[in-house]
Amino acid sequence: PDVRFTEALLAAFQTDSSVKVRERAASALGYDADPRAAKALVDGYDDGDPKIRAAVVDALRNKTKEGDSAVSAVLVRALGDSDKEVRRSAAYAFGDYAETKAVETLLHLLRDENPYTREAAIKDLGMAGDKRAVGAITPFLKAQQGSLRDAAAAALKKMGVSEDQMKGSQAS
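One structure accompanies this document, and this report is about it. Keep in mind it's a predicted model, so treat the numbers as computed, not measured.

## Points about the overall build of the chain
Reasoning step 1: Helix and strand counts for the chain come out as eleven helices and zero strands.
Reasoning step 2: If you list the helices and strands of the chain from N to C, you get α-α-α-α-α-α-α-α-α-α-α.
Reasoning step 3: Dimensions of the chain, computed from C-alpha atoms along their principal axes, come out at roughly 60 × 25 × 20 Å.
Reasoning step 4: The buried share among the 172 residues of the chain stands at 45%.
Reasoning step 5: In the chain, the proportion of contacts linking residues at least 24 apart, taken out of those at least 6 apart, comes to 60%.
Reasoning step 6: Split by element, the accessible area of the chain, about 8,700 Å² in all, is 52% carbon and sulfur.
Reasoning step 7: Taking the average place of the 26 positive charges on the side chains of the chain and the average place of its 27 negative ones, the gap between the two points comes to 5 Å.

Structure, rendered in structure tokens:
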């Protein structure tokens, strides 16, 4: 990797006055293998602009396989962010990084006002495969929004719930 490229991205992310430039730099840092990239993204999550925080969380999705506990901590914090887009991004990030300690937070996100956040949480809970989520996901089989019903059915199927069991839950 070219260290000059990383340094240019870090400078743009940390100091540029344009939110758009900083968002794009964050995105590129998500693909940068230099360890300074992950650290800058983790540190950048505390930015006051929700667009930057969402960009950081999206970029950290590419860093989850590295097992960095600081990345994990930011993603967990982002699940409780005040901005709905940041929460949605964090919920999607856990699709690649659904670890058991996040299940409780994802269960909480099933009550989020944003249907896209709820959908992402349902999908991530299905990927996590934690049976504690079955009871919380089952009511979404009756949701008005088709994408929530579909996500619930797919998640439950991944958790080993049979179609007959799902139909029985829908009838009651």
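## Some words on the environment of Ala143
Reasoning step 1: Within the element layout of this structure, Ala143 appears in the loop between helix H9 (134-137) and helix H10 (146-158).
Reasoning step 2: Taking the C-alpha atoms as reference, Ala143 lies 15 Å from Gly168; in sequence the two are 25 residues apart.
Reasoning step 3: Dropping the residues within four chain positions of it, Ala143 is found in contact with Leu148 and Arg149.

## So, helix H2 (residues 19-29)
Reasoning step 1: Among all positions in H2, only Arg22, Glu23, Ala25, Ala26 and Leu29 are buried. Around the axis of H2, the buried residues are gathered within 165° of arc, so they sit on the same side.
Reasoning step 2: Where H2 starts, the residue carrying a side-chain oxygen 3.3 Å from the main-chain nitrogen of Lys20 turns out to be Ser18.

## Observations regarding the environment of Asp49
Reasoning step 1: Relative to the assigned elements, Asp49 resides in the loop between helix H3 (35-44) and helix H4 (50-60).
Reasoning step 2: In this structure the side chain of Asp49 is engaged in a polar contact, spanning 2.7 Å, whose partner is the backbone nitrogen of Lys51.

## Section: the pattern of salt bridges
Reasoning step 1: In total, this model carries twelve salt bridges according to the counting rule given.
Reasoning step 2: A salt bridge links Arg36 to Glu7, with the nearest nitrogen and oxygen atoms 3.7 Å apart. With a gap of 29 residues between them, Arg36 in helix H3 and Glu7 in helix H1 (residues 3-15) connect regions that are remote in the sequence.
Reasoning step 3: By relative accessible area, Glu7 is classed as partly exposed at 40%.
Reasoning step 4: When the shortest N-O distance is used, the salt bridge between Glu23 and Lys20 registers 3.9 Å. Of this pair, Glu23 and Lys20 both sit in helix H2, three residues apart, which is roughly one turn of that helix.
Reasoning step 5: Linked by salt bridges that have partners in common, Glu7, Asp34 and Arg36 make up one network.

## What about the nonpolar core?
Reasoning step 1: If you look at the biggest cluster of nonpolar residues, it comprises 51 residues, and the most contacted ones within it are Phe13, Leu41, Val57, Leu60, Ile122, Leu125 and Ile137.
Reasoning step 2: For this core, the element with the highest residue contribution is H4, accounting for seven residues.
Reasoning step 3: Excluding residues that lie within four positions of it along the chain, Phe13 makes contacts with Arg22, Ala25, Ala26, Leu29, Ala40, Leu41, Gly44, Ile52 and Val56.

## Considering the side chain of Arg118
Reasoning step 1: Structurally, the position occupied by Arg118 is in helix H8 (residues 115-128).
Reasoning step 2: The charged side chain of Arg118 is buried without a salt bridge, its nearest counter-charge being Asp112 at 5.8 Å.
Reasoning step 3: Looking at Arg118, its side chain comes within polar contact range of the main-chain oxygen of Glu113, at 3.2 Å.
Reasoning step 4: Setting aside residues no more than four positions away along its own chain, Arg118 makes contact with Leu109, Leu110, Asp112, Glu113, Phe140 and Leu148.

What counts, and at which threshold
Residues numbered from 1 in each chain as written. Predicted model: local features only at pLDDT ≥ 70, side-chain atom pairs only at ≥ 80, totals over all residues. Heavy atoms only, no water. Helix = DSSP H or I, 4+ residues; strand = E, 2+ residues; numbered from the N terminus. Buried < 20%, exposed > 50% of the residue type's maximum accessible area, 1.4 Å probe, protein only. Contact = heavy atoms within 4.5 Å. Areas by Shrake-Rupley, 256 points an atom, 1.4 Å probe, with all protein chains shown as cover. Lys, Arg positive; Asp, Glu negative; His and termini not counted. Charge placed at Lys NZ, Arg CZ, Asp CG, Glu CD. Arc of directions from axis to C-beta. Polar contact = N/O pair within 3.5 Å; in protein donor to acceptor, adjacent residues only side chain to side chain. Salt bridge = Lys/Arg side-chain N within 4 Å of Asp/Glu carboxyl O. Core = buried A, V, L, I, M, F, W, Y, C linked by side-chain atoms within 4.5 Å.

Everything listed is a geometric property; what it means functionally is a separate question.
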